[in-house]
Amino acid sequence: MNYNKKNLQNTNFNLDSQFNITTSTVDFINKNTEQFLFSKNRTRKFLKYVELIPDEQKIDKHLKSSTIENINACGSWLEFRNYFRVDKTKMYSNFCKKDKLCPACARRRASKQRNKVYKYIQENPALKDKHWYYIVLPVKHNKTESFTTVFNRAKDGLKTLRMAIKDNKRGKGRESFFSQFNGLFYSFEVTKSKNGWNNHINLLCCSDHEIKGIYNYKQKDGSTTSQHLGIMEDWARFTDNKSYMHSINKIDTSTEEGLMTNLFEIFKYSLKFQDLKNEDLLEAYSSTHNKRLLGSFGSLYGIKTDVDLDTNEVLDSEYLRIFLKYDLQINQYYEAEQRE
């Protein structure tokens with residue numbers, strides 16, 4: 001269901017007679033409800049697939065009964081509190097926190113992590129004033145290779161990259177292009193196509209100086225990407241099959257959108273739920289359920305990215321409460337008075 005300004009004001013939620021709910025609040029409710037509906041649809045299809053798997057194999061795939069129950073219950077209710085005196089709206093729900101299987105929890109975790117890191121950077125002039133770059137490092141693969149083979153290639157390549165930076169800082173080893181960066185955030189991203197598993201690494205890097213030598217490279221499909229010879233040489237050296245494709249883009253930090261957008265690319269969900277078949281999602285989850293798919297090193301090492309999905313800010317102010325429950329039969333949220 002989609003809300004509009006009129007029907008929200010006609011609800012029985014002790015609405016202040018002098019208060020008119022804003023369009024932004026309506027948009028906030030609609031956006032989050034639609035995102036949860038997408039998540040419920042995706043996880044429902046996945047859980048139906050899981051039902052057909054023998055119990056002993058579920059254990060092998062790291063799918064405990066409690067995990068399945070939590071995913072199924074995730075988003076069964078949504079509570080929105082519109083703090084109309086200060087014009088803020090907050091959302092609360094029962095999150096499963098299985099962000100490698102649940103799009104809603106992945107999105108919420110990414111948003112919280114992005115906001116937390118952005119605030120940290122903004123409050124530290126030494127980081128805020130640096131030159132920032134967003135780099136994507138894919139690894140070559142073919143359709144015969146397993147997820148684990150391709151994932152390990154990316155993981156080992158990142159490990160070698162990290163060691164090269166450390167050695168350079170100590171005056172050892174061959175000079176690396178990446179050593180000119182003071183700090184890096186990284187994350188793994190996983191998709192699959194007719195050409196097999198596609199694992200690549202997203203890097204958000206900062207440097208004291210502007211990187212020279214970036215050029216435009218024309219792809220076979222006619223599109224262009226920004227590349228650098230130093231990255232091409234290093235990444236081919238760091239991977240077991242001489243992967244060399246990449247992209248690098250400087251981030252415009254003069255606006256909030258520039259850095260926030262690229263932070264979201266780092267912290268967004270690693271597994272592309274909508275693009276993966278159920279069996280592929282399960283294979284990727286089984287191999288990564290206990291692995292950390294993001295992190296940092298250099299001057300960014302130690303920045304805490306852990307967040308609590310359960311909590312949300314509670315303001316000391318009057319609010320309009322809109323409580324919704326999920327109905328599986330009609331695949332919609334409806335207004336209810338309270339939780340059962």
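Residues numbered from 1 in each chain as written. Predicted model: local features only at pLDDT ≥ 70, side-chain atom pairs only at ≥ 80, totals over all residues. Heavy atoms only, no water.

Trainee: Would you mind showing me how to read the overall build of the protein chain here?
Mentor: Helices and strands together make up the secondary structure of the protein chain, namely 10 helices and 11 strands. Taking the principal axes of its C-alpha atoms as reference, the protein chain extends roughly 70 × 55 × 40 Å. Here the protein chain holds 340 residues, and the buried ones make up 48% of them. Expressed as a percentage of contacts within the protein chain between residues at least 6 apart in sequence, the contacts between residues at least 24 apart total 71%. (Helix = DSSP H or I, 4+ residues; strand = E, 2+ residues; numbered from the N terminus. Buried < 20%, exposed > 50% of the residue type's maximum accessible area, 1.4 Å probe, protein only. Contact = heavy atoms within 4.5 Å.)

Trainee: Can you help me understand helix H9 (residues 256–267) in this one?
Mentor: An α-helical turn contains 3.6 residues, so any two residues separated by three or four positions project in the same direction. With 12 residues, H9 extends 16 Å between its outermost C-alpha atoms, agreeing within 8% with the 16 Å of an ideal straight helix rising 1.5 Å per residue. Of the positions making up H9, those classed as buried are Gly258, Leu259, Met260, Asn262, Leu263, Ile266 and Phe267. Those residues of H9 hidden inside the fold are in contact with helix H5 (103–122), strand S3 (131–138), strand S4 (183–193), strand S5 (196–207) and strand S9 (294–298). (Expected span 1.5 Å × (residues − 1).)

Trainee: What is the right way to look at the packing of helix H2 (residues 23–51) against helix H4 (residues 65–73) in this model?
Mentor: Any two packed helices are characterised by how steeply their axes cross, that is the angle between the axes, and by the distance between the axes. With their axes 9 Å apart at the nearest point, H2 and H4 run at an angle of 150 degrees to one another. By the angle class used here, H2 and H4 are roughly antiparallel. In this structure, H2 crosses over H4, and the sense of that crossing is left-handed. Contacts from Lys40, Thr43, Leu47 and Val50 in H2 reach Ile68, Ile71, Asn72 and Ala73 in H4. Residues that form the contact of H2 with H4 fall into these classes: five nonpolar, two polar and one charged. (Axes fitted to C-alpha atoms, helices over the stretch in contact; angles between N-to-C directions. Parallel < 35°, antiparallel > 145°, perpendicular 65-115°, else oblique. Left-handed = near helix turned anticlockwise from the far one by under 90°. Nonpolar A, V, L, I, M, F, W, Y, C, P; charged D, E, K, R; others polar.)

Trainee: Explain the packing of aromatic side chains to me, please; I cannot follow it from the model alone.
Mentor: We describe a pair of aromatic rings using the distance from one ring centre to the other and the angle between the two ring planes. Applying the stated criterion to the full structure yields 15 aromatic pairs. Considering the side-chain rings of Tyr186 and Phe188, the 6.2 Å spacing of their centres and the 85 degrees angle between planes classify their relative orientation as edge-to-face. Note that Arg81 overlies the ring of Tyr92, its terminal NZ or CZ placed 5.0 Å from the centroid. (Phe/Tyr/Trp six-rings, centres within 6.5 Å; stacked < 30°, edge-to-face > 60°. Lys NZ or Arg CZ within 6 Å of the ring centre and 35° of its normal.)

Trainee: What exactly am I supposed to notice about H5 here?
Mentor: For H5, which comprises 20 residues, the first-to-last C-alpha distance of 28 Å matches the rise-based estimate of 28 Å (1.5 Å per residue) to within 8%. Taken together, the buried positions of H5 are Pro103, Ala104, Cys105, Ala106, Arg108, Arg109, Ala110, Gln113, Val117, Tyr118 and Ile121.

Trainee: Just checking my understanding: could you explain the pattern of salt bridges for this structure?
Mentor: When their charged atoms lie close together, side chains carrying opposite charge are able to pair. Under the counting rule described, the total for this entry stands at 16 salt bridges. In this structure, the salt-bridge partner of Arg85 is Glu318, at a minimum N-O distance of 3.0 Å. Taken together, the residues span a long stretch of sequence, with Arg85 in the loop between strand S1 (77–83) and strand S2 (88–93) and Glu318 in the loop between S9 and strand S10 (320–327) at a distance of 233 residues. Take Arg85: its relative accessible area is 48%, and that puts it in the partly exposed class. A single network of salt bridges, built from pairs that share partners, joins Glu189, Glu265, Lys268 and Lys272. (Salt bridge = Lys/Arg side-chain N within 4 Å of Asp/Glu carboxyl O.)

Trainee: Help me understand the sheet that holds strand S11 (residues 332–335), please; the structure alone is not making it clear to me.
Mentor: Sheet strands line up and pair through hydrogen bonds in the backbone, either parallel or antiparallel. Strand order across the open sheet formed by four strands is S2-S1-S10-S11, with antiparallel pairing between neighbours. Of all the strands in the sheet, the pair left with one neighbour each is S2 and S11. If you compare each strand with its neighbour and ignore which way they point, the axes differ by 25 degrees on average. Pairing of S1 with S10 involves six bridges; the strand directions are antiparallel. When the bridges of S10 are listed, Glu79 appears paired with Phe323. (Pairing = 2+ DSSP bridges.)

Trainee: Whenever I open this one, the nonpolar core confuses me. Can you help?
Mentor: Most often, soluble globular proteins keep nonpolar side chains buried together rather than apart. Formed by 67 residues in total, the largest nonpolar core has its most connected members in Ile135, Leu137, Leu161, Phe178, Phe181, Ile201 and Leu203. Other than its neighbours up to four places away in sequence, Leu137 contacts Leu161, Phe178, His200, Ile201, Leu203, Ile231, Trp235, Met245 and His246. The next biggest cluster of nonpolar side chains, apart from the first, holds 20 residues, and it includes Ala110, Trp132, Val136 and Met260. (Core = buried A, V, L, I, M, F, W, Y, C linked by side-chain atoms within 4.5 Å.)

Trainee: Any chance you could explain the sheet that holds S3 here in plain terms?
Mentor: With antiparallel pairing, the five strands of this open sheet are ordered in space as S8-S3-S5-S4-S9. The two strands at the open ends of the sheet, each matched to only one other strand, are strand S8 (247–250) and S9. Across this sheet, the average inter-strand angle for adjacent strands is 20 degrees, counted without regard to direction. In this fold H9 packs onto S3, S4, S5 and S9, with an angle of close to 140 degrees to the strand it touches most, S5.

Trainee: Sorry if this is basic, but what is going on with the confidence of the model for the protein chain here?
Mentor: In low-pLDDT segments, the atomic positions of the prediction should not be examined closely. The share of residues in the protein chain with pLDDT of 70 or more is 92%, and the mean pLDDT across the chain is 87. Per-residue pLDDT, averaged within each element of the protein chain, yields its smallest value for helix H1 (residues 5–9) (47) and its largest for helix H8 (residues 229–238) (97). In the model, residues 8–18 has pLDDT below 50 throughout and makes 19 contacts with residues more than four positions away in sequence or in other chains. (pLDDT = per-residue confidence, 0-100.)

Trainee: Would you explain the side chain of Lys58 in this entry?
Mentor: Assignment of secondary structure puts Lys58 in helix H3 (residues 55–60). In contact with Lys58, other than residues within four places in its own chain, are Val50, Glu51, Ile53, Leu63 and Ile68.

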